[in-house]
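# Reading the structure
Each chain, written out:
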Amino acid sequence: MSPQPLVSVVVIVYNDARRLPTAVRSVLRQSLRRLEVIIADDCSTDDTPAVAQSLVDSDPRVRYVRLPHNSGGCGAPRNAGIEMATADRVMFLDSDDRLERHACKNLLEALEDADADFSMGLVRREYMDTKRQTLWYPAFFRERKVIESIDEMPELIEEALSVNKLYRREFLDSHRIRFPEDIHYEDQVFTIQAYTMARRIAIIPENVYLWRIFPTAATKSISNQRHRLDNFRSRLEAHRRIDAYLDAIGLAHVQRTKDRKFLSHDMRLYLADVVAGDPATTREVLALAEPYLGGLARERFLELPKALGAAYGMALRGDLAGLRQTMLFDRFNIMAFTLAEENGRVSIEGDRASAEAAPGRDFSDELAEELCDVTTADWLRAPFGTYHHHHEVTSYSVRRRDIVLRGFTHDTLGKFAAHNDWSMRLVARRVGHAQAVTVPIEIEHHDSNRLEWRARIASDSGLFKFVMPVEWSLRMEVTLGRHKVQTHLLWPNSLAAATLPIHLVSRLVHGRPAELGPDVEGRARLSAAAQGETRRRALRALDRRVLARIDDRRRDKRPSDQLDHSTFFENLQHLPLDPSLVLFEANMGTIYGDSPKYVYERMRQLRPDLKSVWVLPKDTPPPHPDTRTVVRGSRQYLLALAQASYWVDNQTLPAYVRKRPGQRYLQTWHGIPLKRMGKDVLGWDLPERLPDRGIGAWDHLVVPNPYFAETFVPAFAYEGKQVRWGTPRNDVLVNGTLTREEARRLLDLPDDAKIVLYAPTFRESLRDKRSKVTLPFDVDGLLEALGPEYFLLLRPHYLNKIHVPGTARYRAIDASTVQDVNLLYIAADVLVTDYSSVMFDFALLGKPMIFHTFDYDEYLMTRGTYFDLRAEAPGPFTTTTDELVAALRSAESGTTEHAAAYDRFLERFCGMEDGHASERAVLALLEEMDA
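Basis of the calculations
- In this numbering scheme, every chain counts its residues from 1 along its sequence in written order.
- Owing to the predicted nature of the model, reporting of local features is limited to residues with pLDDT of at least 70; listing and counting of side-chain atom pairs is limited to 80 or more, with chain, interface and lining totals taken over all residues.
- Values shown for side chains rest on all heavy atoms present in the structure; no hydrogens or waters enter the calculation.
- Only DSSP runs of H or I covering at least 4 residues are called helices, and only runs of E covering at least 2 are called strands; the numbering of each starts at the N terminus.
- Think of it in three bands: with a 1.4 Å probe and only protein chains considered, a residue is buried below 20% of the maximum accessible area for its type, exposed above 50%, and partly exposed in between.
- Whether two residues are in contact is decided by their heavy atoms, any of which lying within 4.5 Å being enough.
- Each accessible area is a Shrake-Rupley result for a 1.4 Å probe, and residues are judged covered by the shown protein chains and nothing else.
- Charged residues are defined here as Lys and Arg on the positive side and Asp and Glu on the negative side; His and the ends of the chain fall outside this count.
- To locate a charge, take atom NZ for lysine, CZ for arginine, CG for aspartate or CD for glutamate.
- Pairing of aromatic rings covers Phe, Tyr and the six-membered ring of Trp, with a centre-to-centre limit of 6.5 Å; geometry is then stacked below 30 degrees between planes, edge-to-face above 60, and tilted otherwise.
- Here, a charge over a ring means that NZ of Lys or CZ of Arg falls within 6 Å of the ring centre while also lying within 35 degrees of the ring normal.
- In this scheme, strands are said to pair when DSSP sees at least two bridges between them.
- UniProt positions are given in the numbering used here, feature names are shortened, and annotations may be inferred rather than shown by experiment.
- Between N-to-C directions, angles span 0 to 180 degrees; the directions come from axes that are lines fitted to C-alpha atoms, helices contributing only their stretch in contact.
- Angular relationships are summarised with four words: roughly parallel below 35 degrees, roughly antiparallel beyond 145, roughly perpendicular across 65 to 115, and oblique for the angles in between.
- Throughout this entry, Asp, Glu, Lys and Arg are counted as charged residues, while Ala, Val, Leu, Ile, Met, Phe, Trp, Tyr, Cys and Pro are counted as nonpolar. The remaining residues, Gly among them, count as polar.
- The directions from the helix axis to the C-beta atoms form the arc being described.
- N or O atoms closer than or at 3.5 Å make up a polar contact, with two conditions inside protein: a donor-capable atom paired with an acceptor-capable one, and, for residues adjacent in sequence, both atoms drawn from side chains.
- In this text, buried Ala, Val, Leu, Ile, Met, Phe, Trp, Tyr and Cys residues form a nonpolar core when linked through side-chain atoms within 4.5 Å.
- One number per residue, pLDDT, summarises how confident the predictor is, and it ranges from 0 to 100.
- One speaks of a salt bridge when a side-chain nitrogen belonging to Lys or Arg is within 4 Å of a carboxyl oxygen belonging to Asp or Glu.

Turning our attention to the overall build of the chain. In terms of helices and strands, the chain carries 31 helices and 38 strands. For the chain, the spread of C-alpha atoms along the three principal axes comes to 100 × 75 × 75 Å. Looking at the chain as a whole, 54% of its 931 residues are labelled buried. For the chain, the proportion of contacts with a sequence separation of at least 24, taken over those separated by at least 6, is 71%. Counting only carbon and sulfur atoms, one obtains 49% of the accessible surface of the chain, whose full area is about 41,000 Å². The averaged location of the 132 negative side-chain charges in the chain is 7 Å from the averaged location of its 124 positive side-chain charges.

If you want it as structure tokens, here you go:
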């Protein structure tokens, strides 16, 4: 006889024969073997019964129950599974989802160790069309914990899934907790009862459940069919039942949390449908919600974030235009509304004319006005780049074979009127590819808050030169100062989609006409596709042509794009050097900045006869019209390296590069070292020194000061000439050519703000830029404690990325795309760093510095430093958010506590800067030619 199972997993299914085996196998393959699977079939009409029976036959742990009638929901089959379960613990799984490998084991161990009534773990959501994954309420699962009751953590009720939890069967039975069978969203009623009845709940950080979200066009699950009004009625009914339950047991504090969840999640989903949905449906939703919303305490609305609160203000007015504008901001961070200022108060206007005509409005005008008052909103001073402008198509036409789009751009905060250095263009990005086509726009009208423009998309612009189907996402790209932002171009639901008489342009085929219109989110798309048989014939012809070209290349031995860089570069060595060509590269070809920028600018002044080529990312405009740009690794890059007589770089050139006789290489480097480098790093050996590559190819090295000469130079065994002293990029910090006011204008930062620059060191463990540096302090707590006048500039090392919490996006600004870090230094009032070399540059400005070294001992052990930072630092050390707040407050007060240390630091590490390092570097590089 088989031992009694430890866990019963109820797998509910309805007409999902194809995916059911995957769900069941995810249970059978659990590391916990003593379990059973109960397939609860809600009277399917497809092959589900046969598939379920085959699963029963294949494994004795699988059982099957079929309901006599379809219930239309999830409650009845789950309840049937509970009644059939033989284990003392039970959990649930939907047929289109999966359990993680150790889900049952981890949840069972947590349940028993804590003697809890149920345990719960993390859920991953996977969007099956894009394979993108997100975590469901991750903040609740950051650490293992046990709570004695929901009173200890009432916000936990926001996580209302039933499927990521393992329940004691005795607990469910003793409190008669079952799923409602007559409504959808039964999870919410079930879980609120479980939360409030549990004497102890165990929470684990491990993933336990994979929630697979399928495209709504193909598979419309109950949760994703928000446009169906009967589902909204079910959601409202679920909340009414929860309200009655909480009122009966007297949990007012849980009720407050539940009301906030309804406003910020449940109802918000339906408000967001106004962006691209049918306005008539939104009106019906508001009419259905009106009695329920009217019963909520006004304080619940006032506790919402300003943007969402304003959306409810528009809903209370019955203003659908205003609701769409505010939901664009709440959902997509697109500012689409107009602000009005009166008597020192700022409010969102909306469309009052349409609101006055709205039928059935029965809400408080006073509450609506209060919700639309945004005087204290932090985004009123949001810098450009922290939000999106509202770009929308108003009309289209076809002129011959071209498409002419007309539209508007709404500028809520008046950035265009306040700045002269802005530009805008249309960008079509091929969906699923990196390819992009840019289209110029013409401004037809401009007032303080609104631009009207037109764009002509030519049929030969590259959008249609494909045999395969193509789809383009249309976006507007705005550049202002040092910022560049791309935003989806919106297509209003009032404008019909179009079939345009423009076909794929190809010598091989003409397919279906192009289609222009919105996607499911209301964003403009342009697509074209070849027709069936015509497309197949074209692809066969294309295959023959490609194969013929490959054969030709093999016979002629002509270089192809796949040739090894080393081989190709070697073949270029016979080309003559251009005696007037200088190649500049910074941060491995990613920016126009650092010392190479300042050497370049000074060289243009001293030697305007020389030609320059800059290594920059694709589509980056040149720093000057007469300067050519190339992309690192491209053939043009290799050709420029082979022919330039002078190289200027701040890090290293690719390993395949070989310097030729007659070429000169100036290495500026990119920072003064605190951490050990080169042969001073334990276990790191210097490569063989050769005169044509790597360090051996450097003819001149910029040496900022004696400390650099004592550390960096021997660490890399450099034996060439030294350009002493000073750093070219620091000239602007010393000579004052860039003012604080100009730096803040270029960054679009308020002139009266207090700016904190956070610039941490490089983290080797996060070299993959898909991984983001998590800030080692509570950003929201920091900004709240400091006050609304504070802004935080976040500048990670250029090989790292940084995560900016969405809740702080308007005051905690990702400055990683600002190419010239001097702008940040000059704009900032104080620097917060850990071990980054930015401390040596920033000290030249004499501004306060704080060292947030939460992992100092670990860093010393893993990397090592040339000196004890604690003994030499010109500012306080902090390890917690509270300490950091206190240090910033102290810096604001102008304390002189660290003045002596600051002077010593300047003298030892920064005292050789005179503002002329760029000129010395230019003269050193050109020494041989000028002799």
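Per the stated rule, a full pass over the model turns up 46 aromatic pairs. Here the aromatic rings of Phe-118 and Phe-171 are separated by 6.3 Å at their centres, their planes lie at 35°, and the arrangement is tilted. Linking Phe-118 in strand β6 (residues 118-127) with Phe-171 in helix α5 (residues 169-174), this pair joins segments that are 53 residues apart in sequence. Given a relative accessible area of 0%, Phe-118 falls into the buried group. Ring centres 6.0 Å apart and planes at 75° place the aromatic pair Tyr-825 and Phe-842 in the edge-to-face group. Taken together, the residues Tyr-825 in helix α24 (residues 821-827) and Phe-842 in helix α25 (residues 838-842) connect sequence positions 17 residues apart. Here Tyr-825 falls in the buried class, since its relative accessible area comes to 1%. Site record: aromatic cluster; members linked through ring pairs are Phe-92, Phe-118, Tyr-167, Phe-171, Phe-179, Phe-190 and Tyr-195. The aromatic ring of Phe-568 is capped on one face by Arg-635, whose charged end is 4.8 Å from the ring centroid. Above the ring of Tyr-856, the side-chain terminus of Arg-870 is found at 4.5 Å from the ring centroid.

Take the sheet that holds strand β37 (residues 849-852) next. Strands sit in the order β35-β33-β31-β36-β37-β38 across an open sheet of six strands; the sheet is parallel. Sheet topology places β35 (812-814) and β38 (877-878) at the edges, where each strand pairs with a single neighbour.

When the UniProt feature table is mapped onto this chain, "domain: Glycosyltransferase 2-like" (unreviewed entry) is found at residues 8-172. End C-alpha to end C-alpha, residues 8-172 measures 14 Å, and it is 28% helix and 29% strand.

Residues Tyr-637, Leu-638, Ala-640, Leu-641 and Ala-642 constitute the buried set of helix α19 (residues 635-643). Tucked inside the fold, the buried residues of α19 contact α17 (565-571), β24 (578-585), β25 (611-615), β26 (628-630) and β27 (644-649).

Further remarks concern the pairing of strand β17 (residues 436-446). Both strand β16 (residues 422-430) and β17 contribute to a ladder of five bridges, which runs antiparallel. For Leu-426, the partnering residue across the bridge sits in β17 and is Val-439. Bridging between β17 and strand β18 (residues 450-457) involves five bridges; their strand directions are antiparallel. By the bridge assignment, His-446 is partnered in β18 with Leu-451. Between the antiparallel neighbours β17 and β18 lie three residues.

What follows is about the pairing of strand β31 (residues 754-759). A large share of β31 lies buried, amounting to five of its six residues. Summarising the sheet, β31 and strand β36 (residues 830-833) pair through four bridges and their orientation is parallel. Looking at the pairing, Val-756 lines up with Val-830 of β36.

At a minimum axis separation of 12 Å, helix α8 (residues 252-272) and helix α9 (residues 279-294) run at an interaxial angle of 170°. Comparing their axes, α9 and α8 come out roughly antiparallel. When α8 is examined against α9, the residues Lys-258, Asp-259, Phe-262, Leu-263, Met-267, Tyr-270 and Leu-271 are found in contact with a partner set consisting of Val-285, Leu-286, Ala-289, Tyr-292 and Leu-293. Its residues placed into classes, the contact of α8 with α9 shows ten nonpolar, no polar and two charged.

A few words now on helix α23 (residues 779-786). Where α23 is concerned, the buried positions are Val-779, Leu-782, Leu-783 and Leu-786. Along the long axis of α23, the arc covered by the buried residues comes to 90°, so they all point the same way. Its buried side turned inward, α23 meets β33 (790-794), β35 and α28 (881-892). Two or three places before Asp-780, at the start of α23, stands the capping residue Asp-778, its side-chain oxygen 3.3 Å from that residue's backbone nitrogen. Downstream of α23 by a residue or two, Gly-787 has a phi angle that is positive, lying close to 110°.

Inspection of the secondary structure puts Leu-55 in helix α2 (residues 48-58). Residues Leu-55 and Val-37, 18 residues apart in the sequence, show an inter-C-alpha distance of 9.9 Å. With sequence-adjacent residues up to four places away left out, Leu-55 is seen in contact with Leu-20, Pro-21, Val-24, Ile-39 and Val-62.

Turning our attention to the nonpolar core. Core analysis: the largest hydrophobic core is formed by 128 residues, its most contacted members being Met-267, Tyr-312 and Trp-379. Beyond its immediate stretch of four places on either side in the chain, Met-267 contacts Phe-232, Phe-262, Val-285, Leu-286, Ala-289, Leu-293 and Tyr-312. Leu-572, Ala-743, Leu-757 and Cys-910 belong to the second-largest nonpolar core, a separate cluster that totals 80 residues.

Attention shifts here to the sheet that holds strand β29 (residues 700-703). If you walk across this open sheet you meet the seven strands as β26-β25-β24-β27-β28-β29-β30, and the pairing is parallel. Of all the strands in the sheet, the pair left with one neighbour each is β26 and β30 (721-724). Direction aside, neighbouring strands of the sheet carry axes that sit 25° apart on average. Note: β29 against β30, four bridges, orientation parallel. Paired with Val-702 across the two strands is Val-723, which belongs to β30. In this fold helix α30 (residues 917-925) packs onto β24, β27, β28 (664-667), β29 and β30, with an angle of close to 160° to the strand it touches most, β28.

Chain-level statistics for the chain give a pLDDT mean of 89 and a share of 91% at 70 or above. Scored below 50 in pLDDT, residues 217-221 shows four contacts in the model against residues more than four places distant or in partner chains. Below pLDDT 50 for its whole length, residues 504-510 participates in 30 contacts with residues either more than four positions away or in separate chains.

Moving on to the side chain of Thr-668. Within the secondary structure layout, Thr-668 lies in the loop between β28 and β29. Once you skip the residues sitting within four places of it in the chain, Thr-668 turns out to touch Ser-595, Pro-596, Val-599, Val-648, Asp-649, Asn-650 and Val-702.

Here we take up the pattern of salt bridges. Enumeration according to the criterion identifies 66 salt bridges in this entry. With its nearest N and O atoms 2.4 Å apart, the salt bridge here joins Arg-78 to Asp-187. Taken together, the residues span a long stretch of sequence, with Arg-78 in helix α3 (residues 75-84) and Asp-187 in helix α6 (residues 186-197) at a distance of 109 residues. Each member of the pair Arg-78 and Asp-187 is classed as buried. Among the salt bridges present, the one from Arg-744 reaches Asp-829, with a minimum N-O distance of 2.9 Å. One end of the pair, Arg-744, is in helix α22 (residues 740-747); the other, Asp-829, is in the loop between α24 and β36, and 85 residues separate them in sequence.

Tracing the chain through its elements places Asp-594 in helix α18 (residues 594-606). The class for Asp-594 is buried, based on a relative accessible area of 12%. Spatially, the C-alpha atom of Asp-594 lies 35 Å from that of Ile-443, the residues being 151 residues apart in sequence. Discounting residues that sit within four places of it in the chain, Asp-594 has contacts with Asn-650, Trp-669, His-670 and Arg-729. At 3.2 Å, the side chain of Asp-594 forms a polar contact with the side chain of Asn-650. A polar atom in the side chain of Asp-594 sits 3.2 Å from the side chain of Arg-729.

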